[in-house]
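# Tertiary structure, described
Given next are the chains, with one letter for each unit.
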Amino acid sequence: MSKPMIVCHGGAGHTAKDQPGVDAAADAGWAILGAGGSALDAVLAAVEIMENDPVLNAGTGGRKRADGSVQLDAAVATSDGRLGAIMAIEDTPNPVHVAAGLLDESIHILVGQGARDWADAQGYPKSPVEGSDSPSGNDTVGCVAIDGNGLMAVASSTGGCTGRPRGRVGDTPLWGPGLWIDDEIALAATGIGEEITIKMLCHRVAVQAGSLQQRLEYGLSLFDSSIEVGLIGITANGEGLGLANTGMPWAIRSANQ
Ligand code: GLY
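The structure reproduced in this document is the subject of the present report. (Residues numbered from 1 in each chain as written. Predicted model: local features only at pLDDT ≥ 70, side-chain atom pairs only at ≥ 80, totals over all residues. Heavy atoms only, no water.)

### Quick look at the overall build of the protein chain
For the record, the criterion: In DSSP terms, a helix is any run of H or I states spanning at least four residues, a strand is any run of E spanning at least two, and both are numbered starting from the N terminus. Here the radius of gyration uses the C-alpha set of atoms, whereas the globule reference equals 2.2 Å times the residue count to the power 0.38. Classification of residues uses two cut-offs on accessible area relative to the type maximum, computed with a 1.4 Å probe and protein chains only: under 20% is buried, over 50% is exposed, and between them is partly exposed. By definition in these notes, contact holds between two residues if any of their heavy atoms fall within 4.5 Å. For the accessible areas, the method is Shrake-Rupley and the probe is 1.4 Å, while residue cover comes only from the protein chains on display. As used throughout, the charge tally considers Lys and Arg to be positive and Asp and Glu to be negative, leaving His and the chain termini uncounted. Throughout, a charge is located at the NZ atom of Lys, the CZ atom of Arg, the CG atom of Asp or the CD atom of Glu.
On a plain count of helices and strands, the protein chain comes out with seven helices and eleven strands. On C-alpha atoms alone, the protein chain measures out to a radius of gyration of 16 Å, which is about the 18 Å that the 2.2 N^0.38 rule sets for 257 residues. Its C-alpha atoms give the protein chain principal-axis dimensions of roughly 45 × 40 × 35 Å. The proportion of buried residues among the 257 residues of the protein chain is 56%. Within the protein chain, counting contacts between residues at least 6 apart in sequence, those at least 24 apart form 66% of the total. Total accessible area on the protein chain stands at roughly 9400 Å², and carbon and sulfur atoms take up 52% of it. Positive and negative side-chain charges of the protein chain, numbering 15 and 30 respectively, have mean locations separated by a distance of 4 Å.

Okay, here's the thing in C-alpha cells:
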C-alpha cells in the first residue's frame, strides 16, 4: 500500500487571490483518493475544476490568441506508461478529458481540428469557450497524485500565453518539458512555454538525484529570474511539493496535511 497524496497548482504568475480554486481542486481530488479512488480519476477531477474556474488560464478561462480565438492544450500521463495529449483544440471547455481519452488509444497526440473531430466522434462535449482577455497569461493548471495502489498520474491544461498566434503550442502538452512521469516521480511545469520547452524542464528534473525539494530547486535554477516558472511534483516514496520563482497558488493534500 502507498500513502495517497495530491498536489495541484493554479499557474506561475498567479497570486494568493486565486488560491480558492486550487484548494477546491485539491479537495475534490483528495476526496477521490481518500475513498480509495485512482490517481487518474483524482487528477482529472482536480483539473476539471480548475478548467471551470474563469480566473485560471485553462478551459473556460483560457487566454485569447492574437486573433481573439481560444485554443487549448492539455495532457495526461500515468506511471504505468500511458500518455494522451491534445493541442490547440477549440470549442472544448474541458480538454483534459479529451486528452485522457487518448490514454488507451494507439495514437497519443492530436492537434487542432483533428483533435476536435476525434472528440466529436467520441462524444466529448463541444461548446464555445469564451476565454479571458487578461493580459497576464503565461501559465497553466496542473495536478499530480499517487493513489493507495502506488499508481501515479499527472494532468495539465492551459490556454497558452496571452496574445500568441493561432497554432502556437507551449510546454504544457509536451512530454518531457511540460510533464513527466515514471515509476518514481510525477512532475508538471508552469510558466513561459517556449523557455520551458527549450530546457526540457520536467525530464531534466526527473533524472536529477536528491530530494524532491532539491530537484525542483535545480529545475528553477535553469532559468533567469525574469522568466516565470513553477513546478509541482510527487515521488513514489512520499514526497510532494510545489515551487516557483514567482507567485504560484498550489495545494497539497495527504493523510499528513
Ligand atoms: N506554460 C503554458 C504555455 O506556455 O503555453
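### Focus on helix 7 (residues 212-221)
In an α-helix, one full turn covers 3.6 residues, which means residues spaced three or four apart are oriented alike. Formally: In this context, the arc is that of the directions from the helix axis out to the C-beta atoms.
All of the buried residues along helix 7 are L212, R215, L216, G219 and L220. Projected down its long axis, helix 7 shows its buried positions confined to an angular sector of 140 degrees, all on one face. Of the surrounding secondary structure, the elements contacted by the buried residues of helix 7 are strand 8 (185-191), helix 6 (201-206), strand 9 (229-235) and strand 10 (240-244).

### Here we look at the sheet that holds strand 5 (residues 141-146)
Where we set the bar: Strand pairing requires that DSSP identify at least two bridges connecting the strands. Axis geometry follows a simple rule: fit a line to the C-alpha atoms, using only the stretch in contact for helices, then measure angles between N-to-C directions, giving values from 0 to 180 degrees.
Read from one edge to the other, the open sheet built from seven strands follows the order 4-3-2-6-5-1-11, with strand pairing classed as mixed. Both edges of this open sheet fall to strand 4 (109-111) and strand 11 (250-254), since each of them pairs with a single strand only. Neighbouring strand axes in the sheet, compared pairwise and without regard to direction, differ in orientation by 5 degrees on average. Both strand 1 (residues 5-9) and strand 11 contribute to a ladder of five bridges, which runs antiparallel. Of the residues in strand 11, the one forming a bridge with H9 is W250. Strands strand 3 (82-89) and strand 4 of the sheet are contacted by helix 4 (residues 112-122), whose axis makes an angle of about 110 degrees with strand 4.

### Quick notes on the site of the ligand
This is how it is decided: A cutoff of 4 Å decides nearness: a residue is near a molecule or strand if any of its heavy atoms lies inside that distance of it. Contacts described as polar in this section are N or O atom pairs within 3.5 Å, which, within protein, must combine one atom able to donate a hydrogen with one able to accept it, while residues neighboring in sequence count only if both atoms come from side chains. Any residue that is not Ala, Val, Leu, Ile, Met, Phe, Trp, Tyr, Cys, Pro, Asp, Glu, Lys or Arg is counted as polar, Gly included; the first ten are nonpolar and the last four charged.
Taken together, the neighbourhood of the ligand is formed by twelve residues, with T140, R168, D171, G191 and G193 sitting nearest. Here an oxygen atom of the ligand and a side-chain polar atom of R168 are 2.7 Å apart. For the ligand, a nitrogen atom lies 2.7 Å from a polar atom in the side chain of D171. Within the complex, the protein chains bury 100% of what would otherwise be the 200 Å² of accessible surface of the ligand. In terms of residue class, the shell around the ligand is made up of one nonpolar, eight polar and three charged.

### Details of the pairing of strand 6 (residues 152-158)
Successive side chains on a regular strand alternate, one facing one side of the sheet and the next facing the other. With respect to burial, strand 6 is a largely interior element, seven of its seven residues being buried. Of the two faces of strand 6, both are covered, the one formed by M152, V154, S156 and T158 as well as the one formed by A153, A155 and S157. In terms of strand pairing, strand 2 (residues 72-78) meets strand 6 through six bridges, oriented antiparallel. Considered in strand 6, the bridge of A74 is made with S157. With six bridges joining them, strand 5 and strand 6 adopt antiparallel strand pairing. Bridge assignment links I146 to a residue of strand 6, and that residue is M152. Linking two consecutive strands that pair antiparallel, namely strand 5 and strand 6, is a turn of five residues; a positive phi of about 85 degrees is found at G150 within it.

### Focus: the sheet that holds strand 7 (residues 179-181)
Sheet architecture is open: four strands sit in the order 7-8-9-10, paired in antiparallel fashion. If you trace the sheet from one side to the other, it starts and ends with strand 7 and strand 10, each paired once. Each strand axis lies, on average, 10 degrees off the axis of its neighbour in the sheet, ignoring direction. Relative to strand 9, strand 8 runs antiparallel, the two sharing seven bridges. Bridge pairing in strand 9 places T190 opposite G230. Where helix 7 meets the sheet, its contacts fall on strand 8, strand 9 and strand 10, and the angle it forms with strand 9 comes to roughly 155 degrees.

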